Amino acid sequence: MSVVGFDIGNVNCVISAAKHRGIDVLLNEESNRETPAVVSFGEKQRFMGAAGVASAMMHPKSTISQVKRLIGLNFSQPDIQNELRVFPFKTSEGPDGGILIHLQYLGESLTLTPIQILAMLFSHLKEIAEKNLETAVSDSVIGIPSYFSDLQRRAYLNAAEIAGLKTLRLMHDGTATALGYGIYRTDSSESGPTHVVFIDIGHCDTQVTVASFEAGQMKVLSHAFDKSLGGRDFDEVLFNYFVVQFKEQYHIDVYSNARACIRLRTACEKLKKVLSANAEAPLNIECLMDEKDVKGFIKREEFEKLSMGLLERMRLPCNKALVDAGLTLDMINSVELVGSGSRVPAITRMLTSFFSREPRRTLNASECVARGCALQCAMLSPTFRVRDYEVQDSFPFSIGFSTEEGPICTLSNGMLFPKGQPVPSMKVLAVHRSSTFRLEAFYADQNELPSGVSPQISCFTIGPFQVSHAEKAKVKVRVQLNIHGIVSLESACLVEDQVDDSATRGNRHSSVDKVEPGNTSRVSSDAVHSHTEDGSSLQPESSPMSSGDGTRKKRYSRRLEIPVSENVYGGMTKADVLKAQEREVQLTQQDRIMEQTKDRKNALESYVYDTRNKLFNTYKSFATDSEREGISTNLQQTEEWLYEDGDDESERVYTGKLEDLKKLVDPIESRYKDEEARAQATRDLLKCIVEYRMAVKSLPTCDRDVVINECNKAEQWLRDRTQQQDSLPKNTDPLLWSNEIKAKAEALDMTCKHILRSKASPPRPEDNQGPDVPHTADNMHTD
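Only a predicted model underlies this, so the values are computations on that prediction, with no experimental measurement involved.

A. Layout of a negative patch on the surface. Among the surface-exposed residues, Glu640, Glu644, Asp645 and Glu649 lie close enough to one another that they form a single negatively charged patch. Mapped onto the elements, Asp645 comes out in the loop between α14 (625-642) and α15 (651-695). By relative accessible area, Asp645 is classed as exposed at 63%.

B. Up close: the environment of Val431. Inspection of the secondary structure assignment puts Val431 in strand β23 (residues 425-433). Relative accessible area serves as the criterion here: at 1%, Val431 is assigned to the buried category. In this structure the C-alpha to C-alpha distance between Val431 and Leu494, which are 63 residues apart in sequence, comes to 9.8 Å.

C. Region of interest: the sheet that holds strand β8 (residues 90-93). Strand order in the open sheet made by the three strands is β8-β9-β10, with antiparallel pairing throughout. The open sheet has two free edges, formed respectively by β8 and β10 (108-112), since each of these has just one partner strand. Along the sheet, successive strands turn relative to each other by an average axial angle of 35°, direction set aside. As judged from the four bridges shared by β8 and strand β9 (residues 99-105), these two strands associate in the antiparallel manner. Note that in β9 the partner of Thr91 across the bridge is Ile101.

D. The packing of aromatic side chains, seen in detail. By the definition in use, this model includes 24 aromatic pairs. Taking 5.9 Å as the distance between ring centres and 75° as the angle between the ring planes, the aromatic pair formed by Tyr147 and Phe148 counts as edge-to-face. For Phe148, a relative accessible area of 1% corresponds to the buried category. An aromatic cluster of at least three residues, connected via ring pairs, comprises Phe6, Phe122, Tyr147, Phe148, Tyr156, Phe225, Phe395, Phe397 and Tyr443. Across the ring face of Phe239, the terminal group of Arg265 is positioned such that the distance to the ring centre comes to 4.0 Å.

E. Focus on the pairing of β10. Looking at chain direction, β9 and β10 are connected through five bridges and run antiparallel. Within β10, the position partnered with His102 by the bridge is Thr111. A loop of two residues connects β9 with β10, the two strands running antiparallel in sequence, and Leu106 in this loop sits at a positive phi of about 55°.

F. Examining the sheet that holds strand β19 (residues 390-394) more closely. Strand order in the open sheet made by the six strands is β18-β13-β14-β15-β19-β22, with mixed pairing throughout. Pairing within the sheet leaves two strands with one partner each, and these edge strands are β18 (334-338) and β22 (422-423). As defined by bridge partners, strand β15 (residues 217-226) adjoins β19 across three bridges and the pair is classed as parallel. The residue bridging Met218 from the neighbouring strand is Val391, located in β19. Its contacts with the sheet place helix α5 (residues 173-182) against β13 (194-201), β14 (206-214), β15, β18 and β19, and it is angled at close to 40° to β14.

G. Representation of unusual backbone geometry. At the junction of Val423 and Pro424, the peptide bond is cis and its omega measures out at 0° in the coordinates. Cis geometry marks the peptide bond from Gly463 to Pro464; its omega dihedral reads 5°. Here Pro464 lies in the loop between β25 (456-462) and β26 (473-481). Unlike most non-glycine residues, Glu134 shows phi in positive territory, near 55°. Mapped onto the fold, Glu134 is located in the loop between α3 (114-133) and β11 (139-144). Of note in the backbone geometry, His251 takes a positive phi value of approximately 60° without being a glycine. Residue His251 is classed as exposed on the basis of its relative accessible area, which comes to 66%.

Conventions used here
Residues numbered from 1 in each chain as written. Predicted model: local features only at pLDDT ≥ 70, side-chain atom pairs only at ≥ 80, totals over all residues. Heavy atoms only, no water. Patch = residues over 30% accessible without salt bridge, like charges linked within 9 Å, V, L, I, M, F, W, Y side chains within 5 Å. Areas by Shrake-Rupley, 256 points an atom, 1.4 Å probe, with all protein chains shown as cover. Salt bridge = Lys/Arg side-chain N within 4 Å of Asp/Glu carboxyl O. Lys, Arg positive; Asp, Glu negative; His and termini not counted. Charge placed at Lys NZ, Arg CZ, Asp CG, Glu CD. Helix = DSSP H or I, 4+ residues; strand = E, 2+ residues; numbered from the N terminus. Buried < 20%, exposed > 50% of the residue type's maximum accessible area, 1.4 Å probe, protein only. Pairing = 2+ DSSP bridges. Axes fitted to C-alpha atoms, helices over the stretch in contact; angles between N-to-C directions. Phe/Tyr/Trp six-rings, centres within 6.5 Å; stacked < 30°, edge-to-face > 60°. Lys NZ or Arg CZ within 6 Å of the ring centre and 35° of its normal. Contact = heavy atoms within 4.5 Å.

This is the structure:
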C-alpha cells in the first residue's frame, strides 16, 4: 500500500507520497512537480493536466480551470457571478441552487457539476501517483482552505469518492504546512511553546495560521483568511492596466475575445514574476487579436502603486489571526511565508512592516501543503510507523444546534462548538421528547463566514420512537465535529428508567428521575453503554431502592437506539454519487478508447515510414522488383489516406490497414530475418556434431559407430540442403529454413544423449544410501 497527500490548488496541484526514507513529491508525465488543475474536453476525448493546458487554446469554451473556486457554492452569489464572468465556459443555475457547467462533447451537450470536474482531477492525480509508485493508491489526505464550509468539505469528500480515493482526513492548508514545519524541529524551547505565524498566499486566497509548538506536539491557535485575495488579483491589476493601454494604442477590446483574454492573463502572470526580480519589464504578444501584435512596458514601482489596495487588505487577516490566538506581536517567535503568490517583493515589505520582522522562507512555497498532508496520511495509516507527534487543529467557525423549540445552548457561550474548537470533538446532548423531532445544525455567527455562504448546514431527523409512559423521555444524542471539520450526528438513543417489580407490585413511575422543566436542552457527558442485540441495554443502579411495603426493588436504565436520517442542504445524495461514478467510468472508458486509437494510428504511421526505409535498404535484396513496387504503392496510398480521409478513424480501421500491409511485407521480412537465423542454426548444428564425435571415445565400438553414423548423416544432410539453398536467390522463399536446422540439431542431440546415458556406469549401492544410514557391514534392523 501507499499513502499520498494532495494539494489541489487553484492553478496547480501537487502530489506527495510517504516512503520509508521520507516524503517525496511525485513527478507527472512531463517530469514536473506541479500538475495544472485543468480539465479540457476535446471533440472525442478529455485532456487533463498539462495536456488540458495545451488543449485550452483550441477548446477555450470546453476547458474548465480554477474549479476550486466553484466547489460547494451557489450560482446566485455575487462573488460567484464575478468569478463566472472571467471564465470562458458556459454556466447556469442547478435545481439545488448550485452551479452547472455546459459544454460540447462527442457532438452532444454535456452538463457537469464542479464536483464531477474535481473528481476528474482526482482521478488524473491518482493515476499519476499509481504510475510513480507502481502500486494501487487508496488512502489519502487532501489539503483544503480553512474557510471551506461544511458543504464544500462534503463536496471534496464526494469528489474523492467518485475518483476511488479513501480520504483519511481533509486537512487545513495551514495545519498541513505547520505539521511539515514542526515535526522536523529539534530546537524545542524548555521555557514554553514556540509561536509561529504561517502566511499562505495562494493564487486566489490568503490564509494565516498561528500555531504553537512544543516537544512532540503542535497546536493550531487560530485561522484567518481572505478568500478573494491572492496572486491572481495582482495578475488582474496588470491585466486591466494593459487592456486599457491596448484599447487606446491598438484600438482592440481584449474583453471581447476569450482566447485573447487567456493569452494576456498568461502573459501578465509571467510579467509579474519578471518584476519580482527586475525593476521593469516589457510585454510582447504576437497576434493577440485582429492579427495585431502588441507591446507593453511597466515599472515595478508603478505596479506596486496599482496594487496598494491589495497590499493593505493583506494586513487584515494577519491582525485577525493574532487577535483570535490571543497573542501580541512580541509573543511571535517566527513568521513563515509560503504560497505561489508570495513572491511579490512588496508583499514581503508589507509583512515585515506589520510583524516588525522579515518573514522567513524555510519551507518550499509550493510543496509544503502536499508534504504535510502526506505526513498526516502516514500518521493515520497503519502501514507506516511515524514517530509520535500530536497534531491538534482548531475550527474557524462557531456551530450551533436548534430544535423546533429553540436553540440548544450551553451555559458558557450559547454555542455547541464555539470558534476555535479542537478538531475532532464530540458532545452529548440530553433532550426530553416523546416523539420524532429534528435537530438543525447552523453556523452561529454569520460574520465569521466568507461572504455569500449560507448559515444553514444540515437537518437531522431523530425517530420514530415510542415512550412507555405519558411523560417525555430522555434522548441522548451524540454530535461530532469530525476529523474533516464536518458536523455529523453519530447516534441517538432513548433512555428510560424501569423498576424490576417481579416480587411485588409498586408504582412504576416512582423510580423515574424527575425531569427539570423548561425547553432548553442540557449538554451532558454521559458514558456510552454497550447494547444488546435488540438495540437496548439494561443496567442496574449501584444500590437497590425500597418501596412503601419494605420490599427491595432494583431500578434499571433501558437504552434503545433511535434511527437518525440526515439532510444536507445542497449536498449530494448517495444516488447522486453513484450516478456520478457511472458517468466517470463512461468518460474514462471513452478516453481509453481514444488513447488506444491514437496508439494504433501512430503504429500504422510509424510502420509506413519504417518499412519504406527498409524496403530500399535492408530488404532490397530480399524482395523482387514487383514486390517492391507493389509494397511501395500500398505504402504511398496508406500515407495519403492517413492525412486525408483516415485522419479520424476507429481503432479497428487502423488495425486492419496495418494487418493488410504486414501481409505484404512479412514474407520479405521473414526471408531477411531467417538468413541470419539460418547461419546461427548452422553453426549450432556443426558444434553439436563436433561435441558428440569427441564424446564417444570412451564408448564401446558398436555404440561409438552408431553415434558417429548419426553425426555423419546430419552433416551430410546439412551439406546437401545448404548447397541447394545457396543456389537460390535471396528474393525467393528459402528452401532451407532455420527452424528445420534447429529441429535436426534437436533430433541428433536426443539420439546421442540416449546412447551415452544408457551406456554410463551404474552407481554403486552405497551411493544410494541416505545420510542417516550407518555405513556398516552388519546394518541390521530388529523388532
